[in-house]
Amino acid sequence: MEKDTSKYDHARIALKHADIVQKLTLEEKASLCSGRDMWHFKGIERLGIPEVMVTDGPHGLRKQEEKQLLLNQSVKATCFPTAVTTACSWDEDLIEELGKTLGEEAICEGVRVVLGPGLNIKRDPLCGRNFEYFSEDPYLAGKAAAALIRGIQAGGTGACPKHFCCNNQEYYRMSISAEVDERALREIYLAPFETAVKEGKARTIMCAYNKLNGTYCSENPLTLNEILRGEWGFEGLTMTDWGATADRVAGAKAGMDVEMPSSGGMNDKKLVSAVKAGELDERVLDVIADRVIDLALTSPERREEGYDAEAHDKAARKAAANCAVLLKNAGALPLSEGEKVLVVGEMAAKPRFQGAGSSFINAHKITSLLDALSQEGVTYAYEPGYPLEKRMSEKKRSKLLSQAEAQAAKYEKVIVMAGLPASFEAEGFDRSHMRLPKEQNELIARLAAVNKNVVVVLAGGGAMELPWADAVNAVLFIGLAGQNSGGASVDVLTGKVNPSGKLAESFPFKYEDCPSAHYFPGKRYLSEYRESLFVGYRYYLSAGVKVRYPFGHGLSYTTFQYSDLLLSKKKLKEGESVEVSFTLKNTGHRAGAEVAQVYVGDLTGETACPALELKGSKKVFLEAGEEKRVTVTLPPRAFMHWSSVEGDWAACSGAYRICVAASCEDVRLSDEIEMSAPAHKFAPCSGWYLSPSPEPVTNEEFSDLLRRPLTPEKPLPQKGAFTVNDSFNDMAPQSGLARFIIRFARRAIALSMHAPADDPNCKMMHEVMITSPLRSLSFSSQGMFNEKMADGLLLMLNGSFFKGLGKIIGNIGKK
Ligand code: BGC
C-alpha cells in the first residue's frame, strides 16, 4: 500500500464518533460514501443515524419533493438576489443577514445543507454561470462567500461553498482540464475558497466537475488533501458535484468523502473491493463515515411552524435595493414626485431576476417593475418596446419600437428596463457574446435621440457591452436581483434608497478587450489560463486598457470626500499587518453609504505583479454632512505573493503603494510603505500583459509560466475505440447513433419539461447531457441506467449494435 506522505494524514485524524464508527461493517462504511438518492446522504437506521437532506442553493432553496424530478419543479421558496447582485453590496453584514434568512428557510424545510455559495472567479464575462458567482476579485469573492456561509450556518444549517476549483466556464465542464499556473491558482482561484474555509468555517465543500492541470477535482489529492485539509485545516465534509465522480477509489484516497448523487451502490461496491484487495486503507472509510455521522448528528431539527414568506420577500427587496449600482447619472435620477414617466421594455412586466439551472428557484411571488411602480403610487405609461424571447416578425418588432419612440418624446423621463434575456445565459452553457439583443440596443439609442432623460435599468448575470451609454442620462445595474427586483429598483429610482452598490466586475467596452478573450473557452479538453494573474481589472489597469465602467465603480445620490490618510507604520516587516485610516465625509444633502476600497501595488519590481490589487474595503453609512474616521487593516498576506519556487507565500523587499479609492480607477488618497523581507525566489513571469493590446501568450511563455511542458491537444475519439469517458458530442462526427441521440434528447427534454427547446433550463439539460462523459449517465438516471447498460450503449456506439442492445436489455433493473 502507498505511504501517505502528504501534509494531511488520515491516520492522524481523531474520530469524533469512534464509538459509532467501530460498530459499522465495512459495507456500511462504504455505503455512507455516497448519497441515497438525488438529495440525501444515507443514515444508518439501526444505530440511529439520520439521513441528511441537502438542497440547492445558492440564493434560495430548490427543494425537490419525491416526485419533483425536473429542474423547474421544486417547493416554493424565496428567491433572494443572486451572487452577481449581492457582491455589489460590498457589505458583509447585509450578505450575512441574507444568509440567516436563507438558513431559516432551510430549517423550516428540513434541509440540513444548502449547496452554496458559488464562489468561482469570474475569469471571463461569458461564463454562463457568472450570475451565481461573486466577483473577478478573490478578496471580494472570499469575503462575500464567508459572510453568506456565516449567515446560513448561524442557525445550524451547513453551507457548501462550490465548485472547488477552477470551474470558470460551462463549456465541457464535465471533462475539460483547467490549465493554470501555480501562482494564479493560489492568488486568484484558490484564495476565495481559502477565505470561505478559514473565515466562513464552512461545514462542507463541493468539488468542481472539471480537471485541474490534468486531474479531476473529484480525485485531486493536491486540492483536497494537501491544500484544503493539510494547509487550511478544513475539518468538514467534501462532496462531489452531481455526477463528478470519475474514479471513486482514487477520489476516496485523494480526500473526496461523499459521492453525490446516488450511483445505485455501484461505487460503494468498488470501495469495498478496494479495501479487500488492500488497495485502499479502511481507515479512509472510517474517517469519511465519521464525517457523515457528525453532520447527521449535529444538524438542526426541522422547524415545523414555517417561516414568514412576506417578511422574507421584504428582506430580499431590501437587500437587492442596497446592491444596485448606479453606473451613470447626469441628473435624471432620482425621479421627482409627479413627473410624467414612460416605462419601456418587456422586462418591466416580465422581470429577469434569476438564472437557469440548478439554482432555479420556484419563487413565492414575483414583483415586476410595473407592479412595484403601481404599488408605490407612481403614475406611468408603458410600452413594451422590444420582444423578449419570442420570435416576432421584423414588421411587428419595428412597430413596437416606433410606438415607444413616438411616446418617449412626450414624457419627462423614460425608464427602459433592459438586459440579458434568460436564453442568453444559464448553467450548462456560456454566453456566445457580450452584447444585449440588438433590438434593445437599437431601441435605447432611438429613445435617447428623442428624450434627454432616458434612464436604463439593466438586469443580467454579468458585464455587458453598452454602446449607447454615452447617449443616455442614467444607467442602473441591478444584476439578477431576486423575486422582488421590481420593488428594489423602484426604491432606488425614487430615491427611497440611496444607491450604494459598486461593481464587483469590470464592464469592458467590448468583449475583445478581456484578457481571457484569446483563450476562452478553450479547446474541447483544455482550457488554458494563459492570462495568469491578470484577470479583470488586474489586467486593465496594468495594461492601460480603458473600460466602460471599472471594477469598484458605483455612484450615489450624495457625494463623498476622502481625506487625512494615515498608515499605522511606514516600515513593515514580512508577517506584519498595517492599519490604514482616513476620514470619509458625506458632502451632499442625503444620507448614503460609500464603499471605500484599499488597493495595494507592489513597486519593488522583484516579481511581476498587477498594478493594483484589492486588499481591503469598508462600507460606511453617513448622514448628510457627517464624517467618520475609517480604519481598514491590511493583513500580512496583503503584501505577499505565492512563490512557486518556495511553495509558500512571500513578501518582496522595497516599496508598496497603498491606495484608498472609490473604484480601482478612482484613487483618492495614496501613500507608500517600505517592506523588509528575507530574500525570496519567485518563478520568472513574462511581461506580455503590459502592452495595451497584447498578443496572445505564446506556447513557450505559457509553458514557462506552468513550469512544465504544455498538455498536448487530445484528438477526437475514433469509432470502435470510444470509451465511457467520451461524450455524445465527441462521438457525433463519427457516429450516426450519437447524432440521433443528440437530436432525440433535445426533443425529449423539452417534452418532459413541457417547455420549448430554447427554454434555458431545457438548453442547459441538453448541453450538459451531450457534453458529459458517458459514465455520468448512471448519475443522471440515479443508477437506473447502470454501468453495465452504459457499457452496452458504448458497444452500440462503437458499431456492435445488437450485442450492445442485448447487454442493455439484459441489465435493466440490475444494480
Ligand atoms: C451543479 C451544482 C449543484 C448540483 C445539484 C450541479 O450540476 O453544478 O452547483 O449544486 O448540480 O443540483
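What comes next concerns the included structure. (Residues numbered from 1 in each chain as written. Predicted model: local features only at pLDDT ≥ 70, side-chain atom pairs only at ≥ 80, totals over all residues. Heavy atoms only, no water.)

### A short note on the sheet that holds strand S21 (residues 578-586)
Note: strands within a sheet are paired through backbone hydrogen bonds, in either parallel or antiparallel orientation.
Next up, step 1: Read across the sheet, three strands follow the order S19-S21-S24 without closing on themselves; strand pairing throughout is antiparallel. A strand with exactly one partner marks an edge of an open sheet, and here the two such strands are strand S19 (560-567) and strand S24 (627-634). Looking at each pair of strands side by side, their axes are set apart by 25° on average, direction ignored.
Next up, step 2: The pairing of S19 with S21 spans six bridges and is classified as antiparallel. Bridge pairing in S21 places Gln561 opposite Lys585. (Pairing = 2+ DSSP bridges. Helix = DSSP H or I, 4+ residues; strand = E, 2+ residues; numbered from the N terminus. Axes fitted to C-alpha atoms, helices over the stretch in contact; angles between N-to-C directions.)

### Section: a nonpolar patch on the surface
Next up, step 1: There is a patch of nonpolar side chains on the surface, built from Phe801, Phe802, Leu805, Ile809 and Ile812 and spanning about 520 Å² of accessible area.
Next up, step 2: If you trace the backbone, Ile812 turns up in the segment after helix H23 (801-810). (Patch = residues over 30% accessible without salt bridge, like charges linked within 9 Å, V, L, I, M, F, W, Y side chains within 5 Å. Areas by Shrake-Rupley, 256 points an atom, 1.4 Å probe, with all protein chains shown as cover. Salt bridge = Lys/Arg side-chain N within 4 Å of Asp/Glu carboxyl O.)

### A short note on the packing of aromatic side chains
Next up, step 1: Under the definition given, this model contains 15 aromatic pairs.
Next up, step 2: Ring centres of Tyr171 and Tyr172 lie 5.0 Å apart, and the angle between their planes is 65°; this geometry places the pair in the edge-to-face category.
Next up, step 3: On the basis of relative accessible area, Tyr171 is assigned to the partly exposed category, the value being 28%.
Next up, step 4: For the ring pair Trp642 and Trp649, a centre distance of 5.4 Å and an interplane angle of 75° mean the geometry is edge-to-face. Considered together, Trp642 and Trp649 belong to a single accessibility category, that of buried residues.
Next up, step 5: Taken together, the ring pairs connect Trp90, Tyr537, Phe551 and Tyr599 into an aromatic cluster.
Next up, step 6: Sitting over the ring of Trp642, Arg186 keeps its end group 3.9 Å from the ring centre. (Phe/Tyr/Trp six-rings, centres within 6.5 Å; stacked < 30°, edge-to-face > 60°. Buried < 20%, exposed > 50% of the residue type's maximum accessible area, 1.4 Å probe, protein only. Lys NZ or Arg CZ within 6 Å of the ring centre and 35° of its normal.)

### Thoughts on helix H17 (residues 699-706)
Next up, step 1: Taken residue by residue, H17 has Phe702, Leu705 and Leu706 as its buried positions. The arc that holds the buried residues of H17, viewed along the axis, is 95°, so those residues lie on one side. Exposed side chains of H17 directed beyond 90 degrees from the buried face belong to Glu700 and Asp704.
Next up, step 2: Taken together, the buried residues of H17 touch strand S5 (177-179) and strand S17 (526-528). (Arc of directions from axis to C-beta. Contact = heavy atoms within 4.5 Å.)

### Quick notes on the sheet that holds strand S22 (residues 592-602)
Next up, step 1: A sheet is described by the order of its strands in space; here five strands give the open sequence S20-S28-S27-S22-S23, paired in mixed fashion. Whereas interior strands pair on both sides, the edge strands pair on one side only; in this sheet they are strand S20 (571-573) and strand S23 (613-622). Across the sheet, the mean angle separating the axes of adjacent strands is 30° when strand polarity is ignored.
Next up, step 2: Two elements, S22 and S23, share nine bridges in a ladder whose sense is antiparallel.

### Describing the site of the ligand
Next up, step 1: Taken together, 14 residues lie around the ligand, and Asp56, Arg129, His163, Tyr209 and Asp241 are the ones closest in.
Next up, step 2: Arg129 places a side-chain nitrogen or oxygen 2.7 Å from an oxygen atom of the ligand.
Next up, step 3: In this structure, an oxygen atom belonging to the ligand sits 3.5 Å away from a side-chain N or O atom of Arg173.
Next up, step 4: Along the lines of polarity and charge, the residues of the shell around the ligand split into five nonpolar, two polar and seven charged. (Near = heavy atom within 4 Å. Polar contact = N/O pair within 3.5 Å; in protein donor to acceptor, adjacent residues only side chain to side chain. Nonpolar A, V, L, I, M, F, W, Y, C, P; charged D, E, K, R; others polar.)

### Brief notes about helix H13 (residues 394-408)
Next up, step 1: Over its 15 residues, H13 extends 21 Å from the first C-alpha to the last, a length consistent with the 21 Å expected when each residue adds 1.5 Å.
Next up, step 2: Within H13, burial applies to Arg397, Leu400, Leu401, Ala404 and Ala408. For H13, the angular spread of buried residues about the axis comes to 90°, placing them on one side. Exposed positions of H13 whose direction lies more than 90 degrees from the buried face are Lys395, Lys396 and Lys399. (Expected span 1.5 Å × (residues − 1).)

These values are about where atoms sit, not about what they do.
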